[in-house]
Amino acid sequence: MQMKKLHAYSKQNWVFLLLSMLFIGWALAFIYHSSYAAVDGRRYFNLFDDAMISMRYAYNLAHGNGLVWNAGERVEGYTNLLMTLLMSLAALVFDKRYAVLVIQLTGVFFVLGTAFFALKIFELIRNKEKVFMRYLLFTVVLLYYPLNYWSLLGMGTGLLAFLLSAGVLCSLLYVEKLEARYLWFMSVSFGLCYLTRNDSLLFAVLAFLYLTQTLKNGRRFIYAFFAAGFIYGLFVIGQTVFRYAYYGEMLPNTYTLKLVGMPLFERVRNGWGFVQPFLNETGFVLLLAFAGIFFKVSKPKIYLFVFFLISIGYQIYVGGDPWNYWRMMSPTMPFLLILFVLACDAILTKTPQIKGFAYNGLLAILIFGGLLQADFRFLREMSLVDYPFDNEAARKHVDEAIAINAVTDENASIGVFWAGTLPYYVDRVALDFLGKSDPYIANLPPDLSGKIAWNGMNSVPGHNKYDLNYSIKELRPTYVQGLEWGSQNLSVWGEEYYVRVKYKNVWLFLLKDSPHVDWGKVK
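Here the structure is a predicted model, which means the values were calculated and not measured.

Asks: Describe the sheet that holds strand β8 (residues 498-503), with residues and values.
Replies: With mixed pairing, the five strands of this open sheet are ordered in space as β4-β3-β5-β9-β8. The outermost strands of the open sheet, each flanked by one partner alone, are β4 (429-432) and β8. Strand direction decides the pairing type here: strand β3 (residues 413-416) and strand β5 (residues 479-480), joined by two bridges, are parallel. Bridge pairing in β5 links Gly415 to Val480. Running at roughly 50° to strand β9 (residues 506-511), helix α18 (residues 391-407) makes contact with β3, β5, β8 and β9 of the sheet.

See the structure below:
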């Protein structure tokens, strides 16, 4: 009997190893597919543009300029301190191109780790083990494309999903086993979540509320609970003290940019308009997951579902997101998928006639049907038929960066709307027209005219504050990425002060007669 159990366990491990290897193979193909040969003939790898903002901070930190976007300017224009610190390690060891590749590869680890922790949470909730269900759950987490997209393109989403799933697993284990080690692991995991994204504080509050059920077990558990809260608080206090000491502010510049001056009603209206397509795309998964809670009500199921609700509510509160790839909801989607798989099993087991091969087949159809609905819009990217979203813009910006480095000197400056890829590869002072790294822009009132509207939002957060008269007319960058945004158009003025030139088939807008341009290299 013992030998049979050992053989079955070994077989299961081989299946999970095979699924993991298939995912790694797809992820490597995705990474290569998103890379490109630039105008200088070298291959460049690609992160999402906002991740490349963090990479510029990380590169400056690794090379002695501090945790800054521009040397000498202390502005906190990132929201993912822990991810930025990880990036700085890659930037310290590798050159700019391969540091990007290393970060993409860490995304593979984060997704696999998230799937592993989701599997352990699933096993904890469902004591009666069905091996096939475990395979399906592990697979659907790996196949949820928005989580892969953000993780493989360097955003903190993958790191947050990894740490959050680890923290939730430890909280469930602590409630079940009452072993202190799980409590300490949980508090550290949520502390690292906070360093990854400060708004994960909401998830930590939920986790500690869930642990209050252990306080009835005696004074020792009360002391442990508050000790764990103290450990978590050290992360919050530590980053806040660092922020104030280093940047002179209590809140990051990105908070000011996205929330200050934006009326609550307008934010909520934008946020609701943004999440509606997400609710439609995940409707089947969401409805079954919600219904499944009531098939057999349990605290862990409700606990997981509330994590998902928090991510939805927070997305609405902050007014949506510029990109409809569900960045805020992706870290909690593994929890929804766990509930979805459990619900599919509960539906089928209520029909005793369905068992064996028929049960496995119908279960797979239900589960992959829900996943197909959630992933349907992304299938061409998943199958590598299309390039990942915004990949073509990144290719263009790399070529422009190479051209700028070739035709300008180190005293030149660049002005950009896309503050990631191009500034990362250009060793020049950069001006952020949309204000992530410019406190003046971040403190302007938002444009609520409807000129900055997409993805169901009337005014897109992080993109609705700008002053081109200040950024271009007053500061006069050597290179500008464009002369028009929202309700402002400086094209007529720009014809007098800027000229469009070409370097190796790359077009650039350069300041006329600038002494920082080698005019002999352009046409």
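Asks: Account for the packing of helix α4 (residues 96-125) against helix α15 (residues 333-349), with residues named and values stated.
Replies: Interaxial distance between α4 and α15 falls to 10 Å at its minimum, and their mutual angle equals 40°. Classified by the angle their axes make, α4 and α15 are oblique. Once α4 is placed against α15, the crossing between them reads as right-handed. When α4 is examined against α15, the residues Thr114, Ala118, Ile121, Phe122 and Ile125 are found in contact with a partner set consisting of Pro334, Phe335, Ile338, Val341 and Leu342.

Asks: Break down the side chain of Asp49 for me, with residues and values.
Replies: Along the chain, Asp49 turns up in helix α2 (residues 49-62). Lys436 is the oppositely charged side chain nearest to the buried, salt-bridge-free Asp49, at an N-O distance of 7.9 Å. Only 3.3 Å separates the side chain of Asp49 from the backbone nitrogen of Ala419, close enough to count as a polar contact. At a separation of 2.9 Å, a polar atom in the side chain of Asp49 contacts the main-chain amide nitrogen of Thr421. If we ignore the near neighbours within four places in the chain, the residues touching Asp49 are His397, Trp418, Ala419, Gly420 and Thr421.

Asks: Explain the packing of aromatic side chains residue by residue, including any values.
Replies: By the definition in use, this model includes 50 aromatic pairs. When the centroid spacing of 5.4 Å and the interplanar angle of 90° are considered together, the rings of Phe225 and Phe226 count as edge-to-face. The exposure class of Phe226 is exposed, given its relative accessible area of 56%. Members of the aromatic cluster, joined through ring pairs, are Phe23, Trp26, Phe30, Phe48, Tyr145, Tyr149, Trp150, Trp323, Tyr325, Phe378 and Phe389. A cation over an aromatic ring shows up here: Arg56 above the ring of Trp69, its NZ or CZ 5.1 Å from the ring centre. Positioned above the aromatic ring of Tyr317 is the side chain of Arg267, whose terminal nitrogen or guanidinium carbon lies 4.5 Å from the ring centre.

Asks: Give a detailed account of the nonpolar core, specifying residues and quantitative values.
Replies: Counting residues in hydrophobic clusters, the biggest one holds 177 residues, and the most contacted among them are Met55, Ile121, Val168, Phe190, Phe307, Ile472 and Leu508. For this core, the element with the most residues is α4, which contributes 16 residues. Setting aside anything within four residues of it in sequence, one finds Phe307 in contact with Leu164, Val168, Phe190, Phe203, Leu206, Thr332 and Phe335.

Asks: Got a sec to walk through helix α6 (residues 145-152)? Specific residues and values, please.
Replies: Taking burial as the measure, the eight residues of α6 include eight buried ones, the bulk of the element. For α6, every residue scored as buried is listed here: Tyr145, Pro146, Leu147, Asn148, Tyr149, Trp150, Ser151 and Leu152. Directly beyond the C-terminal end of α6, a positive phi value near 85° is found at Gly154.

Asks: Can you tell me about the pattern of salt bridges, naming the residues and giving the values?
Replies: Where side chains of opposite charge bring their charged atoms close, a pairing between them can arise. On inspection of all chains with the given rule, the structure shows 14 salt bridges. For the salt bridge of Glu281 with Arg377, the shortest nitrogen-to-oxygen distance reads 2.5 Å. Taken together, the residues Glu281 in helix α12 (residues 264-281) and Arg377 in the loop between α16 (356-375) and α17 (379-382) connect sequence positions 96 residues apart. With a closest N to O distance of 2.9 Å, Arg380 and Asp386 form a salt bridge.

Asks: I'd love a proper account of helix α10 (residues 219-247), names of residues and values included.
Replies: Working note: α-helix, 3.6 residues per turn, so residues spaced by three or four point in the same direction. When the terminal C-alpha atoms of α10 are compared, their 41 Å separation across 29 residues agrees well with the 42 Å that a helix rising 1.5 Å per residue should span. Of all the positions in α10, only Phe221, Ala224, Phe225, Ala228, Tyr232, Gly233, Phe235, Val236, Gln239, Arg243, Tyr246 and Tyr247 are classed as buried. At its buried positions, α10 is contacted by α2, α3 (81-93), α7 (157-177), α8 (180-196) and α9 (201-211). Looking one or two residues beyond α10, the residue adopting positive phi is Gly248, at roughly 75°.

Asks: Lay out the packing of α4 against α7 in plain terms, naming residues and giving numbers.
Replies: At a minimum axis distance of 8 Å, the contact between α4 and α7 shows a crossing angle of 20°. Classified by the angle their axes make, α4 and α7 are roughly parallel. Considering the relative orientation of α4 and α7, their crossing is left-handed. Touching Phe109, Phe110, Gly113, Thr114, Phe117, Lys120, Ile121 and Leu124 of α4 are Gly158, Leu159, Ala161, Phe162, Ser165, Ala166, Val168, Leu169, Leu172, Leu173 and Glu176, all from α7. Class assignment for the residues of the contact of α4 with α7 results in 13 nonpolar, four polar and two charged.

Asks: If you had to explain the pairing of β3 to someone new, which residues and values would you point to?
Replies: Residue alternation in β3 divides its side chains into two sets, Ser413 and Gly415 and Ile414 and Val416, and both sets are buried. Bridging between β3 and β4 involves four bridges; their strand directions are parallel. Its bridge partner being in β4, Ile414 is matched across the sheet by Ala430.

Asks: Please set out the layout of surface pockets residue by residue, giving values where relevant.
Replies: In this structure, the largest pocket spans a volume of roughly 590 Å³. As for the largest pocket, its lining consists of 30 residues, and the residues nearest its centre are Arg197, Asn198, Asp199, Tyr255 and Tyr314. Contributing elements (two or more residues each) for the lining of the largest pocket: α8, α9, α10, α11 (253-259) and α14 (299-317). Top contributing element to the lining of the largest pocket by residue count: α11, with four residues. Looking at side-chain class alone, the lining of the largest pocket contains 17 nonpolar, six polar and seven charged residues.

Conventions we followed
Residues numbered from 1 in each chain as written. Predicted model: local features only at pLDDT ≥ 70, side-chain atom pairs only at ≥ 80, totals over all residues. Heavy atoms only, no water. Pairing = 2+ DSSP bridges. Helix = DSSP H or I, 4+ residues; strand = E, 2+ residues; numbered from the N terminus. Contact = heavy atoms within 4.5 Å. Axes fitted to C-alpha atoms, helices over the stretch in contact; angles between N-to-C directions. Parallel < 35°, antiparallel > 145°, perpendicular 65-115°, else oblique. Left-handed = near helix turned anticlockwise from the far one by under 90°. Buried < 20%, exposed > 50% of the residue type's maximum accessible area, 1.4 Å probe, protein only. Lys, Arg positive; Asp, Glu negative; His and termini not counted. Salt bridge = Lys/Arg side-chain N within 4 Å of Asp/Glu carboxyl O. Polar contact = N/O pair within 3.5 Å; in protein donor to acceptor, adjacent residues only side chain to side chain. Phe/Tyr/Trp six-rings, centres within 6.5 Å; stacked < 30°, edge-to-face > 60°. Lys NZ or Arg CZ within 6 Å of the ring centre and 35° of its normal. Core = buried A, V, L, I, M, F, W, Y, C linked by side-chain atoms within 4.5 Å. Expected span 1.5 Å × (residues − 1). Nonpolar A, V, L, I, M, F, W, Y, C, P; charged D, E, K, R; others polar. 1 Å grid on protein atoms, 1.4 Å probe; cavity = no way out; pocket = protein on both sides within 12 Å on 5 of 7 lines; lining within 4 Å. Points joined across faces, edges and corners; volume = space filled by probe spheres on them.

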